[in-house]
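Spelled out from the first residue to the last, the chains are:
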Amino acid sequence: MSISRSRIHLHRLTPFIFNRIRQNQRLLTTSSSSAVRQSPQSSSSSQEVDDSTIVRMTDNCTRRLKQLSEKEASTEGKMLRLSVETGGCSGFQYAFLLDDKTNSDDRVFEKEGVKLVVDNISYDFVKGATVDYVEELIRSAFVVTENPSAVGGCSCKSSFMVK
Amino acid sequence: MASSFFAAAQKAGPAIRRQALSLTDAAAARIHHLLQQRQRQFLKLGVKARGCNGLSYTLNYADEKGKFDELVEDKGVKILIDPKALMHVIGTKMDFVDDTLRSEFVFINPNSKGQCGCGESFMTTTSAGAAKASGS
């Protein structure tokens, strides 16, 4: 009587046990295959552009740089160099100039044929930022907008503090 | 005697007012170009409280002179000065700098006691006093 009962229990339990084993097997195999899949995926994502490490240029910025390149022979083929200097009311300030030389440790960002150059030291202060060309009545100039490395700063946006 | 004095005072009046703001040739040429292009009557100069060091200049187009606006005419160009700004900009020389990388109006203000590193913000004794009053 007891034996038959235990058999019945066994019969009921075995499908559960089997399913559990199958589940575990599935988990093991999928995790290993996803691990294999992940490594090629991660390498492709590192090839993709990570927004927080580049310095972006707006369309107006590239348009103005193209315009400058066409306007005068002296400015043709020059790159916009962004550097960070100490000064201003909040510690650091941006400086723009047109340059045709790059150093070995410079970072170059290219868009539509125009180049933005940032030296290695300044790069840490501007990575993830956007460079724009703002045209107002009182002035037209290159400005750095949305710098995630900067906090607060001058409201004229040429001086900033770092986090 | 009194009438000649009065006539002299009348002549001196507009001359004194003209000195509120002066323009360089470059600034005048630029303003003339802008007003022609947009077909507007005047350029209006004002100040507003912002920036790191007190005040900063504002420039807008204007088509009519407000009741208390100060009209400055220099080198064939008409500029209105906002009455609130008049005390701060009196004696200022307005220049226009045109570079490859930037082109902007520059204000050389003898009243300016200090300037933001970027040059946009400035402080005058009157504004500094006002800032202290509001701060305390």
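Here's a quick rundown of the structure. (Residues numbered from 1 in each chain as written. Chains lettered and ligands numbered in written order. Predicted model: local features only at pLDDT ≥ 70, side-chain atom pairs only at ≥ 80, totals over all residues. Heavy atoms only, no water.)

### Quick notes on the overall build of chain B
Next, step 1: Assigned secondary structure in chain B consists of 4 helices and 9 strands.
Next, step 2: Ordered by position in the sequence, the α and β elements of chain B form the string α-β-α-β-β-β-β-α-β-β-β-β-α.
Next, step 3: Buried residues in chain B amount to 36% of all 136 residues.
Next, step 4: Residue pairs at least 24 apart in sequence account for 52% of intrachain contacts in chain B once pairs closer than 6 positions are excluded. (Helix = DSSP H or I, 4+ residues; strand = E, 2+ residues; numbered from the N terminus. Buried < 20%, exposed > 50% of the residue type's maximum accessible area, 1.4 Å probe, protein only. Contact = heavy atoms within 4.5 Å.)

### Considering the overall build of chain A
Next, step 1: Of regular secondary structure, chain A possesses 3 helices and 9 strands.
Next, step 2: Put simply, chain A runs from its N terminus to its C terminus through helices and strands in the order α-β-α-β-β-β-β-α-β-β-β-β.
Next, step 3: Taken over 163 residues, chain A has a buried fraction of 32%.
Next, step 4: In chain A, of all internal contacts separated by at least 6 residues, the share reaching a separation of at least 24 is 50%.
Next, step 5: Of the roughly 10500 Å² that chain A leaves accessible, carbon and sulfur atoms contribute 54%. (Areas by Shrake-Rupley, 256 points an atom, 1.4 Å probe, with all protein chains shown as cover.)

### Description of the pattern of salt bridges
Next, step 1: If you walk through the whole model with that rule in mind, you get 13 salt bridges over all chains.
Next, step 2: Here Arg139 of chain A and Glu136 of chain A are joined by a salt bridge, their closest N and O atoms 3.8 Å apart.
Next, step 3: Across the pair Lys44 of chain B and Asp82 of chain B runs a salt bridge, and its minimum N-O distance is 3.9 Å. Here Asp82 of chain B lies in the loop between strand 5 (77-81) and helix 3 (83-89) and Lys44 of chain B lies in strand 2 (residues 42-49), a separation of 38 residues in the sequence.
Next, step 4: Overall, the relative accessible area of 23% leaves Lys44 of chain B in the partly exposed class.
Next, step 5: Owing to a relative accessible area of 17%, Asp82 of chain B belongs among the buried residues under this scheme.
Next, step 6: Overlapping salt bridges, with partners in common, bring together Glu136 and Arg139 of chain A together with Arg102 and Glu104 of chain B in one network. (Salt bridge = Lys/Arg side-chain N within 4 Å of Asp/Glu carboxyl O.)

### Thoughts on the environment of Leu82 of chain A
Residue and element names in this part refer to chain A.
Next, step 1: Inspection of the secondary structure assignment puts Leu82 in strand 2 (residues 79-86).
Next, step 2: For the pair Leu82 and Val55, spaced 27 residues apart in the sequence, the C-alpha separation amounts to 9.9 Å.
Next, step 3: Setting aside residues up to four positions removed in sequence, Leu82 forms contacts with Tyr94, Ala95, Phe96, Leu116, Val117, Val118, Asp119, Ser122, Val126, Val131 and Val144.

### Focus on the sheet that holds strand 6 (residues 92-98) of chain B
Next, step 1: If you walk across this open sheet you meet the 6 strands as 1(A)-6(A)-7(A)-7(B)-6(B)-1(B), and the pairing is mixed. Where the open sheet ends on each side, the last strands, each with one partner, are strand 1 (56-57) of chain A together with strand 1 (21-23) of chain B.
Next, step 2: The strands touched by helix 2 (residues 59-71) of chain A within the sheet are strand 1, strand 6 (130-135) and strand 7 (139-145) of chain A, with strand 6 of chain A carrying the most contacts at an inclination of about 70 degrees.
Next, step 3: Lying on the sheet, helix 2 (residues 25-38) of chain B is in contact with strand 1, strand 6 and strand 7 (102-108) of chain B; it crosses strand 6 of chain B at an angle near 75 degrees. (Pairing = 2+ DSSP bridges. Axes fitted to C-alpha atoms, helices over the stretch in contact; angles between N-to-C directions.)

### Side note on a nonpolar patch on the surface
Next, step 1: A grouping of Leu13, Phe16, Ile17, Phe18 and Ile21 of chain A is seen on the molecular surface, where their side chains present a nonpolar patch of about 550 Å² in accessible area.
Next, step 2: Its location among the elements puts Phe18 of chain A in helix 1 (residues 2-47). (Patch = residues over 30% accessible without salt bridge, like charges linked within 9 Å, V, L, I, M, F, W, Y side chains within 5 Å.)

### Overview of the side chain of Ser83 of chain A
Residues and elements named next belong to chain A.
Next, step 1: Tracing the sequence through the fold places Ser83 in strand 2.
Next, step 2: Owing to a relative accessible area of 12%, Ser83 belongs among the buried residues under this scheme.
Next, step 3: Those residues in contact with Ser83, other than ones at most four positions away along the chain, are Gln93, Tyr94, Ala95, Asp119 and Ser122.

### As for helix 2 of chain B
Residues and elements named next belong to chain B.
Next, step 1: Look at helix 2: 20 Å from first C-alpha to last across 14 residues, which is about the 20 Å you get at 1.5 Å a residue.
Next, step 2: Within helix 2, burial applies to Ala27, Ala28, Ile31, Leu34 and Leu35. Down the axis of helix 2, the smallest arc covering the buried residues is 130 degrees, so these residues share one side.
Next, step 3: Those residues of helix 2 that are buried are in contact with strand 1, strand 2, strand 3 (55-62), strand 5, strand 6 and strand 7. (Expected span 1.5 Å × (residues − 1). Arc of directions from axis to C-beta.)

### Description of the side chain of Asn147 of chain A
Residue and element names in this part refer to chain A.
Next, step 1: Tracing the backbone through its elements, the reader meets Asn147 in the loop between strand 7 and strand 8 (150-151).
Next, step 2: Residue classification places Asn147 among the buried residues on the basis of a relative accessible area of 10%.
Next, step 3: Within the local environment of Asn147, its side chain forms a polar contact with the side chain of Tyr94, the two groups lying 2.9 Å apart.
Next, step 4: A distance of 2.8 Å separates the side chain of Asn147 from the backbone oxygen of Phe125, its partner in a polar contact. (Polar contact = N/O pair within 3.5 Å; in protein donor to acceptor, adjacent residues only side chain to side chain.)

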